[in-house]
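# Remarks on the overall topology
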There are 2 protein chains.
Amino acid sequence: MSSTAKGVRARARMEVTAAIKDEARRQLAAEGAAKLSLRAVARELGMVSSALYRYFPSRDDLLTALIIDAYDSLGESAEAAHAEAVDAGPVQRWISVAQAVRDWALRHPHEYALIYGSPVPGYTAPDTTVPPASRVGLVFIGILREAHATSGLTEPAPLPADLRPEAERMTADLAPDLPPANVAALVASWAELFGLVGFDLFGQFNRVVEHREAFFRHAVGRLAHGVGLVDGRG
Amino acid sequence: MSSTAKGVRARARMEVTAAIKDEARRQLAAEGAAKLSLRAVARELGMVSSALYRYFPSRDDLLTALIIDAYDSLGESAEAAHAEAVDAGPVQRWISVAQAVRDWALRHPHEYALIYGSPVPGYTAPDTTVPPASRVGLVFIGILREAHATSGLTEPAPLPADLRPEAERMTADLAPDLPPANVAALVASWAELFGLVGFDLFGQFNRVVEHREAFFRHAVGRLAHGVGLVDGRG
DNA sequence: ACACATTCGAGAGCACTGCTCTTGCTTTGG
DNA sequence: CCAAAGCAAGAGCAGTGCTCTCGAATGTGT
């Protein structure tokens, strides 16, 4: 009943699978998803390429595994930043989490590109990726809900009539205790945050924005106020 | 001095170059950038792959040409939308241009991914791409400048001290007649707009946002107000 | 403990890719 | 008119994802 519970074979499979993912992640970080080669991974691990298909039925399945890990890694960073900023006010908490997202992206550009850049060839992400992909969003929802329960939220611009049912549906799905207008603003700001990060990372800010950190901090602060957060102790 | 001014050969070169780009664009639209194959393009055009290298020294150069064309196509759509909305108020103009960007993206998803998604392998865009890439941004700057000169702008949240010099530099580069706080907000909203479009296009809104048009319209309306635009006749 | 089934690594091979180099042919310009 | 430049074609190199087959190692049921 040790960690070798299921026998030598299952254990070896775990280890080899992990080694493949590790080496693949190394190549991903070094050269990007497009140059990730099954053969090169196998070569580096001292095995032959066909052996690798015992562990991942195709290159896209390997990528899917890396995508899930990337979402989890990013989500973990966001959650950690939120936990560390627990003593700050809602706006500062929001900013801290946003900065954690940006920092992670700058530290793992190719993995960020893998999950928030163009989808690969004809690849469509399986449902397995949904929960890990939601973690960052859930952190922001948590900030808003906590603020709503304690220091309160300001009301954003009223919803147009054609968006009311949609906003109420989103509210029921995501955070039933929040006003729909704030939920709609939150979802928009969530996407907008990744627009800021992506432009920074992918070079669209070259020759335009110089002091990226200060600019980003100000921009996400504006987003925080836009969703209804107000300064003050949490 | 007709269009065959430089002789049969130069004319043929233009035509073949155009045919290559057309076929490449077709494959790009059909399968995405990763599956764009020089050999397949040549095959479809009835020539041999090596002949294609007389026109584009590498696959990346072909992609660069397509990137420039995509930026120009998107920029043209944005400019056309702006021209058509000339009678509307500033906010409505902003929304119309934003919708044109989104519509273009939905109509050319792979080309959008090419220019605003992950950068290709180790590829870095040459300076040739800068002017076409700026066209959309320039339209938004134009809307803000016109509004500033006529109906006026509201003041966004004041700039923090560490962002003042940066905002003033951006203002000098982009629109010296605008207040720096509005320029900083504009640059942020520019990136945020593409965050909204990207999330829509790349599936991040799946199972979250249902009525995409209404949601997008509301979100970019909020961005318009955020940069200081106010409703009213243009 | 033995036999059967499953799992695994290795190798060969297919069809494809980007790219280079050489070989002739055609157009161009002095 | 003839040399120079532009061009298409073919062969070839190194690499890719993926499939199939074949022994060997490792499981499991009796």
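Residues numbered from 1 in each chain as written. Chains lettered and ligands numbered in written order. Predicted model: local features only at pLDDT ≥ 70, side-chain atom pairs only at ≥ 80, totals over all residues. Heavy atoms only, no water.

### What about the protein's contact with DNA strand D?
Close contacts around DNA strand D come from 21 residues, with Leu38, Arg39, Arg43 and Arg59 of chain A together with Ser50 of chain B the closest. In DNA strand D, atoms within 4 Å of the protein come 51% from sugar and phosphate. In the environment of DNA strand D, a phosphate oxygen lies 2.9 Å from a nitrogen or oxygen atom belonging to the side chain of Ser37 of chain A. Separating a base oxygen of DNA strand D from a side-chain N or O atom of Ser50 of chain B is a distance of 2.8 Å. Elements that contribute at least two residues to the surface near DNA strand D include exactly helix H1 (7–31), helix H2 (38–44) and helix H3 (49–52) of chain A together with helix H1 (7–31) and helix H3 (49–52) of chain B. (Near = heavy atom within 4 Å. Polar contact = N/O pair within 3.5 Å; in protein donor to acceptor, adjacent residues only side chain to side chain. Helix = DSSP H or I, 4+ residues; strand = E, 2+ residues; numbered from the N terminus.)

### Here's the deal with the protein's contact with DNA strand C
Taken together, 21 residues are adjacent to DNA strand C, and Ser50 and Arg54 of chain A together with Leu38, Arg39 and Arg43 of chain B come closest. Here the atoms of DNA strand C within 4 Å of the protein split so that 48% fall in sugar or phosphate, with bases taking the remainder. Separating a phosphate oxygen of DNA strand C from a backbone N or O atom of Leu36 of chain B is a distance of 3.4 Å. Note that a phosphate oxygen of DNA strand C is positioned 2.9 Å from one of the side-chain N or O atoms of Ser37 of chain B. Counting residues per element, the ones that place at least two in the surface near DNA strand C are H1 and H3 of chain A together with H1, helix H2 (38–44) and H3 of chain B. If one sorts the elements of the surface near DNA strand C by residue count, H2 of chain B sits on top with three residues.

### Here's the deal with the domain arrangement of chain A
Residues and elements named next belong to chain A. Here chain A is partitioned into domain 1 (1–57) and domain 2 (66–227). Domain 1 and domain 2 are separated by 32 Å when their C-alpha centres are compared. Between domain 1 and domain 2, the contact holds 10 residues from the first and five residues from the second. Each partner contributes to the roughly 660 Å² buried at the junction of domain 1 and domain 2, and carbon and sulfur atoms together form 67% of this total. On the domain 1 side of the interface with domain 2, the three residues burying the most area are Lys21, Arg25 and Leu28, jointly 62% of the side's total. Joining domain 1 to domain 2, the criterion identifies two salt bridges. On the surface where domain 1 and domain 2 come into contact, there are four residue pairs in polar contact (both at pLDDT 80 or more). Considering only residue class, the side of domain 1 that touches domain 2 consists of six nonpolar, one polar and three charged. (Domains from an automatic or database assignment. Contact = heavy atoms within 4.5 Å. Buried area = accessible area lost by both parts, 1.4 Å probe. Salt bridge = Lys/Arg side-chain N within 4 Å of Asp/Glu carboxyl O. Nonpolar A, V, L, I, M, F, W, Y, C, P; charged D, E, K, R; others polar.)

### A closer look at the relation of the copies chain B and chain A
Rotating chain B by 180° and translating it 0.0 Å along the rotation axis places it on chain A, where the RMSD comes to 0.0 Å. Here the copies are linked by what is in effect a two-fold axis. Across chain B, the rotation axis passes nearest the C-alpha of Gly195 of chain B, at a separation of 1.7 Å. Looking at the interface residues of chain B, 100% of them are also at the interface in chain A, so both copies use one shared face. (Least-squares fit on C-alpha atoms with pLDDT ≥ 70 in both.)

### With respect to the UniProt feature "DNA-binding region" (unreviewed entry) in chain A
In this numbering, the UniProt entry assigns the feature "DNA-binding region" (unreviewed entry) to residues 37–56 of chain A. The annotated region residues 37–56 of chain A carries 55% helix and 0% strand content, and the separation between its end C-alpha atoms amounts to 13 Å. (UniProt positions renumbered as here; feature names shortened; annotations may be inferred.)

### Focus on H1 of chain B
Residue and element names in this part refer to chain B. For H1, which comprises 25 residues, the first-to-last C-alpha distance of 36 Å matches the rise-based estimate of 36 Å (1.5 Å per residue) to within 8%. Of all the residues in H1, the buried ones are Thr17, Ile20, Glu23, Ala24, Gln27 and Leu28. Contacts from the buried residues of H1 go to H2, H3, helix H4 (59–84) and helix H6 (109–116). Looking one or two residues past H1, Gly32 carries a phi angle of roughly 100°, positive in sign. (Expected span 1.5 Å × (residues − 1). Buried < 20%, exposed > 50% of the residue type's maximum accessible area, 1.4 Å probe, protein only.)

### Concerning the interface of chain B and chain A
At the interface, 51 residues of chain B touch 51 residues of chain A. For the pair chain B and chain A, the two sides together bury roughly 4,100 Å², of which 65% comes from carbon and sulfur. Along the contact surface separating chain B from chain A lie two salt bridges. Between Arg169 of chain A and Glu210 of chain B there is a salt bridge whose closest N-O contact spans 3.7 Å. One can count 13 residue pairs in polar contact (both at pLDDT 80 or more) joining chain B with chain A.

### Re the pattern of salt bridges
All names here are of chain A. In the structure shown here, the tally under the stated rule is 30 salt bridges over all chains. One salt bridge in this structure joins Arg102 and Asp200, with 2.8 Å as the shortest N-O distance. With Arg102 in helix H5 (residues 90–107) and Asp200 in helix H9 (residues 180–201), this pair connects stretches of sequence that are 98 residues apart. The two residues Arg102 and Asp200 agree in class, both being buried. Among the charged side chains, a salt-bridge network with shared partners connects Lys21, Asp22, Arg25 and Asp69.

### Points about the side chain of Glu23 of chain B
All names here are of chain B. Tracing the backbone shows Glu23 in helix H1. Within the structure, Glu23 has its side chain in polar contact with the side chain of Arg26 (distance 2.7 Å). With residues up to four places along the chain from it excluded, the contact list for Glu23 reads Val41, Glu44 and Leu45.

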